[in-house]
Amino acid sequence: MTTVAKYPSISLFFPAWNEEDYVERAVSRALEVLPKLTDDFEIIVVNDASTDRTQEVCDALAAKVPQLRVITHPVNLKLGGAMRTGLAASTKDLVLYSDIDLPWDMRELERALHLMDYLEADMICAFRFDRTSEGAKRIVYSFVYNLLIRALFDIQIKDVNFSFKLMRRQVLESMELRSQGSFIDAELVVKAIRKGFRVFQMGVDYFPRTRGVSTLASPSVIMKMVKELVALYPETRSPSPPVKPVRLPPSVQPLRSVPGQAGRG
């Protein structure tokens, strides 16, 4: 008997920098969940110039998993660059972004898909129910940052940097992302709201990483986020039509230069 897909096609994207301990686990969990939800999916890992065995682990998995694509940056482009690469490489109707250490239970994806369908949403952003395991410093940093984003951009998103964002392809086809670092999460969500897309939130249990070290709460990363926030504030609050959208609509083909003529655009 043929199984009918419950939901549209799905692209799942993981940025990865020195994540040799998590790649296989993340891909394995994705393969447990995605086939139950759709018969058309892809998993994309962007290896952001890792210096550990991330590339080796990815290559071994890609040889066994036909739905897995691995994109490698020769130089480290930070979170913003990795996210733009992964989102641009997505080819399916729905796009899901997650950290590769899986800070949320992948089985929550079905609930997010149901909410997207029921609420006729264009994007679902998750927020963490309980973050006490992170420690006081990270909780304070996050509280202040989220408060700042809500105040500056007049949005009600509770946990803008949490890496569980499910969106329709039209969101990516309508905007240009400029952030090079961790401000890209806020830029993505704020621009979606400002462009009139329907964005909803759902709470999930949070599972902190047990291997490796997160650098997202380091003073240097926070300072870069603040600098990008200042530099990109006008464009993020009032986004202009994209010159180079994150992802081109299917009906639009990239312009190619004609020999002997200057390329258009």
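Residues numbered from 1 in each chain as written. Predicted model: local features only at pLDDT ≥ 70, side-chain atom pairs only at ≥ 80, totals over all residues. Heavy atoms only, no water.

Asks: Can you tell me about the pattern of salt bridges, naming the residues and giving the values?
Replies: Summed over the entire model, instances satisfying the criterion amount to 14 salt bridges. Of the charged contacts, one joins Arg 111 and Glu 108 as a salt bridge, the two residues approaching to 2.9 Å between their closest N and O atoms. Note that Arg 111 and Glu 108 are positioned in helix 4 (residues 108-119) at a spacing of three residues, about one turn of the helix. Taking relative accessible area as the criterion, Arg 111 reaches 34% and is therefore assigned partly exposed. Among the salt bridges present, the one from Asp 185 reaches Lys 165, with a minimum N-O distance of 2.9 Å. With Asp 185 in helix 7 (residues 184-194) and Lys 165 in strand 6 (residues 164-168), the pair connects residues that are 20 residues apart, well separated along the chain. (Salt bridge = Lys/Arg side-chain N within 4 Å of Asp/Glu carboxyl O. Helix = DSSP H or I, 4+ residues; strand = E, 2+ residues; numbered from the N terminus. Buried < 20%, exposed > 50% of the residue type's maximum accessible area, 1.4 Å probe, protein only.)

Asks: Tell me about the packing of helix 5 (residues 136-153) against helix 7, and name the residues and values.
Replies: It is at 12 Å that the axes of helix 5 and helix 7 come closest, and there the two elements cross at 30°. In terms of orientation, helix 5 and helix 7 fall into the roughly parallel class. Crossing geometry of helix 5 relative to helix 7 is assigned as right-handed. Note on element contacts: helix 7 touches helix 5 through Ala 186, Val 190 and Arg 194, opposite Tyr 145, Ile 149 and Phe 153. Along the lines of polarity and charge, the residues of the contact of helix 5 with helix 7 split into five nonpolar, no polar and one charged. (Axes fitted to C-alpha atoms, helices over the stretch in contact; angles between N-to-C directions. Parallel < 35°, antiparallel > 145°, perpendicular 65-115°, else oblique. Left-handed = near helix turned anticlockwise from the far one by under 90°. Contact = heavy atoms within 4.5 Å. Nonpolar A, V, L, I, M, F, W, Y, C, P; charged D, E, K, R; others polar.)

Asks: Break down the nonpolar core for me, with residues and values.
Replies: Core analysis: the largest hydrophobic core is formed by 40 residues, its most contacted members being Phe 14, Phe 164 and Leu 166. Looking at this core, the element that brings in the most residues is helix 1 (residues 23-37), giving seven residues. (Core = buried A, V, L, I, M, F, W, Y, C linked by side-chain atoms within 4.5 Å.)

Asks: Please provide a residue-by-residue account of the pairing of strand 6, values included.
Replies: Among the five residues that make up strand 6, four are buried, leaving the element largely enclosed by the rest of the structure. Pairing between strand 5 (residues 123-128) and strand 6: three bridges, direction antiparallel. Considered in strand 6, the bridge of Ile 124 is made with Leu 166. (Pairing = 2+ DSSP bridges.)

Asks: Tell me about the sheet that holds strand 6, residues and numbers included.
Replies: Backbone hydrogen bonds are what pair the strands of a sheet, in a parallel or an antiparallel way. Read across the sheet, seven strands follow the order 3-2-1-4-6-5-7 without closing on themselves; strand pairing throughout is mixed. Whereas interior strands pair on both sides, the edge strands pair on one side only; in this sheet they are strand 3 (68-72) and strand 7 (199-204). Each neighbouring strand pair of the sheet contributes to a mean axis angle of 20°, computed without reference to strand direction. Relative to strand 2 (residues 41-47), strand 1 (residues 10-16) runs parallel, the two sharing seven bridges. Bridging across to strand 2, Ile 10 finds its partner in Phe 41. Sheet strands touched by helix 1: strand 1, strand 2 and strand 3. Its angle to strand 2, the strand with the most contacts, is close to 160°.

Asks: Kindly report on the confidence of the model for the chain, identifying the contributing residues and their values.
Replies: On average, the chain scores 89 in pLDDT, and the residues at 70 or more come to 88%. The model gives residues 257-265 a pLDDT under 50, and that stretch makes three contacts with residues more than four places away or in other chains. (pLDDT = per-residue confidence, 0-100.)

Asks: Describe the environment of Asp 159, and please don't skip the residues or the numbers.
Replies: Assignment of secondary structure puts Asp 159 in the loop between helix 5 and strand 6. Owing to a relative accessible area of 6%, Asp 159 belongs among the buried residues under this scheme. For the pair formed by Asp 159 and Tyr 145, sequence separation is 14 residues and the distance between their alpha carbons is 9.2 Å. Aside from chain neighbours lying at most four places away, what touches Asp 159 is Ala 126, Phe 127, Arg 128, Arg 131, Ser 142 and Asn 146. Reaching out from Asp 159, the side chain makes a polar contact with the side chain of Arg 128 at a distance of 2.7 Å. (Polar contact = N/O pair within 3.5 Å; in protein donor to acceptor, adjacent residues only side chain to side chain.)

Asks: Hey, could you go over the pairing of strand 2 for me, with residue numbers and the actual values?
Replies: Every other side chain in a regular strand lies on the same face of the sheet, so the side chains alternate between the two faces. Counting buried residues in strand 2 gives seven out of seven residues, a clear majority hidden from the surface. Residues of strand 2 alternate between two faces, with Phe 41, Ile 43, Val 45 and Asn 47 on one and Glu 42, Ile 44 and Val 46 on the opposite face, all of them buried. As defined by bridge partners, strand 2 adjoins strand 3 across five bridges and the pair is classed as parallel. The residue bridging Val 45 from the neighbouring strand is Val 70, located in strand 3. Following the chain from strand 2 across helix 2 (residues 54-62) to the adjacent parallel strand 3, one finds a crossover that is right-handed. (Right-handed = clockwise from strand over helix to strand, strands pointing away.)

Asks: Requested: an account of the packing of aromatic side chains, with residues and values cited.
Replies: Following the criterion strictly, the structure yields five aromatic pairs and no others. Ring geometry for Trp 104 and Phe 164: centres 3.9 Å apart, planes at 25°, overall stacked. Of this pair, Trp 104 sits in the loop between strand 4 (94-98) and helix 4 while Phe 164 sits in strand 6, and the two are 60 residues apart along the sequence. Side by side, Trp 104 and Phe 164 carry an identical accessibility label, which is buried. In this structure, Arg 128 packs its charged tip against the face of Tyr 206, placed 5.1 Å from the ring centre. It is Lys 158 that lies over the ring of Phe 127; its NZ or CZ is 4.2 Å from the centre. (Phe/Tyr/Trp six-rings, centres within 6.5 Å; stacked < 30°, edge-to-face > 60°. Lys NZ or Arg CZ within 6 Å of the ring centre and 35° of its normal.)

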